[in-house]
Amino acid sequence: MNMKIDPWSALNIDDYSKLFDEFGIQPFDDMVREIENPHKFMSRKIIFGHRNYDRITDAMNNNKPFSVMSGFMPSGKVHLGHKMVMEEIIWHQQQGADAFVGIADRESHAVRGMSWEKCSDIGINEYIISLIALGFEPNGHIYFQSKSEQVKDLAFELSSKANYSELSAIYGFTGETNVAHMLSAVTQSADILHPQLEEYGGPKPAVIPVGSDQDPHIRLTRGLGHKMNMFKIEGREDKDGNKYFSIRSKAAPEEALKELSQRIPDKTKLFEGHVDVFSADNFESLMKVVQDVELEFGGYAFVPPSSTYHRFMSGLQGGKMSSSVPESYISLTEEPKGAAKKVKRAKTGGRITLEEQKKLGGEPEKCSVYEMFLFHLVDDDEELAQIYTECREGTRMCGHCKALAAERTEKFLKEHQELREVAKDRLDEYGL
Ligand code: SF4
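As the structure is a computational prediction, the values presented were derived from the model and not from experiment.

Enquirer: I keep staring at the site of the ligand and nothing clicks. Help me out?
Expert: Neighbouring the ligand are T348, G349, G350, Q357, C367, Y370, C391, R396, M397, C398 and C401. Here the residues of the shell around the ligand sort into 6 nonpolar, 4 polar and 1 charged.

Enquirer: Before we go on, may I ask you to explain the nonpolar core in this structure?
Expert: Most often, soluble globular proteins have nonpolar side chains that are buried together. Core analysis: the biggest nonpolar cluster contains 68 residues, and Y53, F136 and F373 have the highest contact counts within it. For this core, the element with the highest residue contribution is helix α7 (residues 116-133), accounting for 8 residues. Structurally, this core is a two-domain feature, drawing no fewer than three residues from each of domain 1 (13-229 + 303-310) and domain 3 (326-430). Once residues within four sequence positions are removed from consideration, Y53 is found in contact with F28, M31, I35, M42, M60, W91, H92, V207, S306 and T308. I25, F48, F100 and V210 belong to the second largest nonpolar core, which has 28 residues in total.

Enquirer: Whenever I open this one, the environment of E198 confuses me. Can you help?
Expert: Structurally, E198 is set in the loop between α10 (179-193) and β6 (206-211). Note: C-alpha distance between E198 and A301 (103 residues apart in sequence) is 9.8 Å.

Enquirer: Help me understand the pattern of salt bridges, please; the structure alone is not making it clear to me.
Expert: Counting across every chain of the model gives 29 salt bridges. Here E234 makes a salt bridge to R248, at a shortest N to O gap of 3.7 Å. One end of the pair, E234, is in strand β7 (residues 232-237); the other, R248, is in strand β8 (residues 243-248), and 14 residues separate them in sequence. Ionic pairing is found between E415 and K411, a salt bridge with its closest N-O pair at 3.3 Å. Residue E415 and its partner K411 are located together in helix α18 (residues 398-424), separated by 4 residues, close to a single helical turn. What makes E415 partly exposed here is its relative accessible area of 39%. Connected through shared salt-bridge partners, R51, D215 and R219 make up one network.

Enquirer: Just to check I follow, could you spell out the environment of D213 for this structure?
Expert: For D213, the position within the fold is in the loop between β6 and α11 (215-228). Classification of D213 as partly exposed rests on a relative accessible area of 48%. In this structure, the C-alpha to C-alpha distance between D213 and V289, residues 76 residues apart in sequence, is 36 Å.

Enquirer: What exactly am I supposed to notice about the sheet that holds β6 here?
Expert: Within a sheet, each strand pairs with its neighbour through backbone hydrogen bonds, oriented either parallel or antiparallel. Ordered by their spatial adjacency, 7 strands build an open sheet running β1-β2-β11-β6-β3-β4-β5, and the pairing between neighbours is mixed. Of all strands in the sheet, those bounded by a partner on one side alone are β1 (26-27) and β5 (141-144). Pairing analysis gives 6 bridges linking strand β3 (residues 67-72) to strand β4 (residues 98-103), with the strands arranged parallel. Within β4, the residue paired with V68 across the bridge is A99. Of the strands in this sheet, β2 (47-51), β3, β4, β6 and β11 (306-310) are in contact with helix α5 (residues 80-94), which crosses β3 at around 160 degrees. Against the sheet, α11 touches β2, β6 and β11, its axis set at about 15 degrees to β2.

Enquirer: For this particular structure, what's the right way to read the domain arrangement of the protein chain?
Expert: It is common to report an interface's size as the accessible area lost on association of the parts. Each assigned domain of the protein chain is listed with its residue range as follows: domain 1 (13-229 + 303-310), domain 2 (232-296) and domain 3 (326-430). The distance between the C-alpha centroids of domain 1 and domain 2 comes to 31 Å. Every contact between the two is made by 8 residues of domain 1 and, on the other side, 5 residues of domain 2. Together domain 1 and domain 2 conceal approximately 550 Å² of surface at their shared face, both sides included; 52% is due to carbon and sulfur atoms. Summed over the shared surface of domain 1 and domain 2, the result is 1 salt bridge. Here E284 makes a salt bridge to K64, at a shortest N to O gap of 2.8 Å. The residue makeup of the side of domain 1 that touches domain 2, split by class, is 2 nonpolar, 2 polar and 4 charged.

Enquirer: For this particular structure, what's the right way to read the sheet that holds strand β10 (residues 274-278)?
Expert: Across the sheet, which stays open at both edges, the 4 strands sit in the order β7-β8-β10-β9 with antiparallel pairing between neighbours. Every interior strand has two partners, whereas the edge strands, β7 and β9 (267-271), have only one. In this sheet, neighbouring strand axes are inclined to one another by 25 degrees on average, regardless of whether the strands run parallel or antiparallel. Pairing of β8 with β10, which is carried by 5 bridges, proceeds in the antiparallel orientation.

Enquirer: Is there a simple way to think about the environment of F373 in this case?
Expert: Among the structural elements, F373 can be located in helix α16 (residues 368-377). Owing to a relative accessible area of 0%, F373 belongs among the buried residues under this scheme. Taking the C-alpha atoms as reference, F373 lies 7.2 Å from L384; in sequence the two are 11 residues apart. Not counting residues up to four positions away in its chain, the partners in contact with F373 are R44, V378, L384, I387, C401, L404 and A405.

The rules behind these values
- Residues numbered from 1 in each chain as written.
- Predicted model: local features only at pLDDT ≥ 70, side-chain atom pairs only at ≥ 80, totals over all residues.
- Heavy atoms only, no water.
- Near = heavy atom within 4 Å.
- Nonpolar A, V, L, I, M, F, W, Y, C, P; charged D, E, K, R; others polar.
- Core = buried A, V, L, I, M, F, W, Y, C linked by side-chain atoms within 4.5 Å.
- Buried < 20%, exposed > 50% of the residue type's maximum accessible area, 1.4 Å probe, protein only.
- Helix = DSSP H or I, 4+ residues; strand = E, 2+ residues; numbered from the N terminus.
- Domains from an automatic or database assignment.
- Contact = heavy atoms within 4.5 Å.
- Salt bridge = Lys/Arg side-chain N within 4 Å of Asp/Glu carboxyl O.
- Pairing = 2+ DSSP bridges.
- Axes fitted to C-alpha atoms, helices over the stretch in contact; angles between N-to-C directions.
- Buried area = accessible area lost by both parts, 1.4 Å probe.

The structure is reproduced here in structure tokens:
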């Protein structure tokens, strides 16, 4: 049988090509080569796209400071989808990132009407305990939006740069939308940008691992960060084709522009409202001077956040995973034997009869059991490739696969829940 063996082909990246074309998200393929030991989500193309991840590889490969940030809205059970984001945060923390995890209780309160008490209970007992059990280290930061003065203050500042039309275009707000809901959208941008505040070491690259549907938040935040900065740097060309940078500001005091023109080692020319920089061939050092002056004059100097985009697992019964359909997902806190039974009832890519399966082979691309292996249950690439090949060649039967996936799910949940018990006694190490 002539067959293309590609164990990652279950990932139909074409579905996401719109994101590449319309919104300028870059394919992640090129980035993987820059990373010494990529996470399996990267090498398996589960993370398929990024914005400015080159800033993160540069920081990782040259021991420069960077951060990773993501958040969870406390609304229900912590499940395998959340585990993906948690693993991405923890992996970046292990690569040297200052790691931030926000519990979006303001959002849950404003959007879902969840009481503060419930937000706190779900935030800790579902999300935070699993995050710690999965390996988040105490040198990172876990916080609730409602308790972080920095996030709340920054959200207020950012809201002065966000207007109703922009927010309603992104989030579909109407005249009926309450103001708290709007503020919670801007609070998400504050979550993303606050690791760059002075108290956390100032401006630096930051990566936000998100699902592919979250890009609007990233676009909004990049735009707001840009608007907040005191200076804007624009690449220009004079009439003779010579390139130069123009650093402009409507808000900077005159002394800030003067200071800037004196500190830049390249040839500069000071004008009203802008400084032109000629022969600057090191953009990074130019940025550093600009950021220093911005901070010294009490301004902001945000580096636009980078992001990675992962695709989603389908529901166990096909279609989308949905929190209102418990059969469609595995929660990290559910009873392991019950979860194993769900996996045994999952939709596969098998044929109707054994004969057909042997003759035609199965379709791992359409199989939620295969997705469980790919995303969570098989770390060894060779083992995964073998499952894929045997399925396609018709030498593997779904009953066997389901039994294996159910057994591993049960084992993983048992172990994870034991680790959760240990994590419950460690909350004070995280300032909680
Ligand atoms: Fe899925 Fe395994 Fe059946 Fe193939 S053999 S369709 S991978 S359950």
